[in-house]
Amino acid sequence: MELWKNIRSKYIFACILITFIISCLVNIAPISIDECKCEVTTKSSQYSYRIQENKDDESYKKSLHRLAILVPFRDRFEELLIFAPHMKNFLDKQNINYHIFILNQVDRFRFNRASLINVGFLEISKEFDYIAIHDVDLLPINDKLLYSYPIKGPHHVSSPELHPRYHYPTFVGGILLVKREHFMQVNGMSNKYWGWGLEDDEFYIRLKEAGLTVTRPQNISTGTHNTFKHVHDRNHRKRDMMKCYNQREVTRKRDRQTGLNNVSYKMLGTINMTIGDTPLTVLNISLMCNKTSTPWCECDKVISSKDGKSKEKKKVNNKSTTGL
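Computed from a predicted model, the values in this text were never measured in an experiment.

1. So, the overall build of the protein chain
- From N to C terminus, the protein chain includes eight helices and nine strands.
- A buried classification covers 48% of the 324 residues belonging to the protein chain.
- The long-range share in the protein chain, meaning contacts at least 24 apart out of those at least 6 apart in sequence, stands at 81%.
- As displayed, the protein chain offers around 18,000 Å² of accessible surface, 54% of which is attributable to carbon and sulfur atoms.

Printed below as a string of structure tokens:
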């Protein structure tokens, strides 16, 4: 009897020990991902949600490629109130998967359209397949003007044959569609153009040197007076046409020093807003100026305005013959 008690005690102890060991092994063994019922979430882009939120809506965009409309901006709220709903009505007809970004320059320096576009591209490029470089005061009104993915290369929507004001053959301003990889290939746009004009002409040279052919709308029956609506009031919105220091000489040349890779800026925040029923995102951008290389980011009006205005007017009239 005593022997049996000893055997039973040892057996019970062995069972407890084996159970303990098995429990330990189970606790430290890796759990199969198939057994986990946890919801795995990833941090979504601060911009992409605007595209995704309409999936259950009848107006959800069906195009495979995502378009970022980049609008360089400063103090043009009146035009923006017209621009946003107009573009929504226009692009919804084409089933374009798009979002509008207002590139709002908030620093003290002169307006720099090209640098704003560089910044906008850097901030959104991972989420979008192509961009539309778009003036806020130029509205397409012919439905045959397409904003679809530019497979063959850069597509100039506001071509010289159709634009209300600029008609020289190398003009690529107003509205230009560019694939993400092509914008990166040419290192974006020059950062040297503070004030109005010529940055798009320099960008044309970049595209040409990269072997990229700019296409334009074909078989458009409308002309320069009824293809676009140009809402810019020159009397109300004075263009910054001053030239100071050696700005005139430098900005007539191809810039091989600056571009997408070295634009200097600070993001001061983003605002998601809706105008009418048009969702858009405002990027508040503070540009930085290297006054050693581009001292004309701030011009002395007393010195520069006297002859700068008349010379600039001559330059605009002969814009197609610039030395870029």
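2. A look at the state of the cysteines
- Going through the model one piece at a time under the given rule, you end up with two disulfides.
- A sulfur-sulfur distance of 2.0 Å marks the disulfide that ties C244 to C299. Looking down the S-S bond of the C244 and C299 bridge, the torsion is -80°, so its handedness is left-handed. Here C244 is found in the loop between β7 (228–230) and α7 (247–250), whereas its partner C299 is found in the loop between β9 (278–287) and α8 (301–317), with 55 residues between them in sequence.
- For C299, a relative accessible area of 15% translates into the label buried.
- The partner cysteine of C289 in its disulfide is C297, sulfur to sulfur 2.0 Å. Here the S-S torsion is close to -85°, and the disulfide linking C289 with C297 is therefore left-handed.
- Assessed through its relative accessible area of 18%, C289 is described here as buried.
- C297 sits in the buried class, given a relative accessible area of 0%.
- When the cysteines of the protein chain that form disulfides are numbered from the N-terminus onward, they connect as 1-4, 2-3.

3. Description of the sheet that holds β9
- One open sheet holds the seven strands; their spatial order is β5-β6-β3-β1-β2-β9-β8, and the pairing between them is mixed. A single partner strand is all that each edge strand has here, and the edge strands are β5 (155–156) and β8 (265–275).
- Of the strand pairs in this sheet, β5 and strand β6 (residues 175–179) are connected by two bridges, and their pairing is antiparallel. Across the sheet, the residue bridging to H156 is L176, located in β6.

4. What to know about the packing of aromatic side chains
- Applying the stated criterion across every chain yields a total of eight aromatic pairs.
- Aromatic pair F90 and Y147: ring centres 5.9 Å apart, planes at 70°, arrangement edge-to-face. Taken together, the residues span a long stretch of sequence, with F90 in helix α3 (residues 77–92) and Y147 in the loop between β4 (138–140) and β5 at a distance of 57 residues.
- Judged by relative accessible area, F90 falls into the buried class, the value being 4%.
- When its relative accessible area of 0% is taken as the criterion, Y147 is described as buried.
- With a centroid separation of 5.4 Å and 45° between ring planes, the pair formed by Y166 and F171 is classed as tilted. The exposure classification of Y166 matches that of F171, with both residues buried.
- Through pairs of rings, three or more aromatic residues link up here, namely F121, F183 and F203.

5. Re the side chain of D255
- Mapping D255 onto the fold places it in the loop between α7 and β8.
- Overall, D255 belongs to the buried group, its relative accessible area being 3%.
- Only 2.6 Å separates the side chain of D255 from the side chain of S190, close enough to count as a polar contact.
- Residues in contact with D255, not counting those within four places in the same chain, are S190, N191, K192, E202 and R206.

Thresholds applied
- Residues numbered from 1 in each chain as written.
- Predicted model: local features only at pLDDT ≥ 70, side-chain atom pairs only at ≥ 80, totals over all residues.
- Heavy atoms only, no water.
- Helix = DSSP H or I, 4+ residues; strand = E, 2+ residues; numbered from the N terminus.
- Buried < 20%, exposed > 50% of the residue type's maximum accessible area, 1.4 Å probe, protein only.
- Contact = heavy atoms within 4.5 Å.
- Areas by Shrake-Rupley, 256 points an atom, 1.4 Å probe, with all protein chains shown as cover.
- Disulfide = S-S within 2.5 Å.
- Pairing = 2+ DSSP bridges.
- Phe/Tyr/Trp six-rings, centres within 6.5 Å; stacked < 30°, edge-to-face > 60°.
- Polar contact = N/O pair within 3.5 Å; in protein donor to acceptor, adjacent residues only side chain to side chain.

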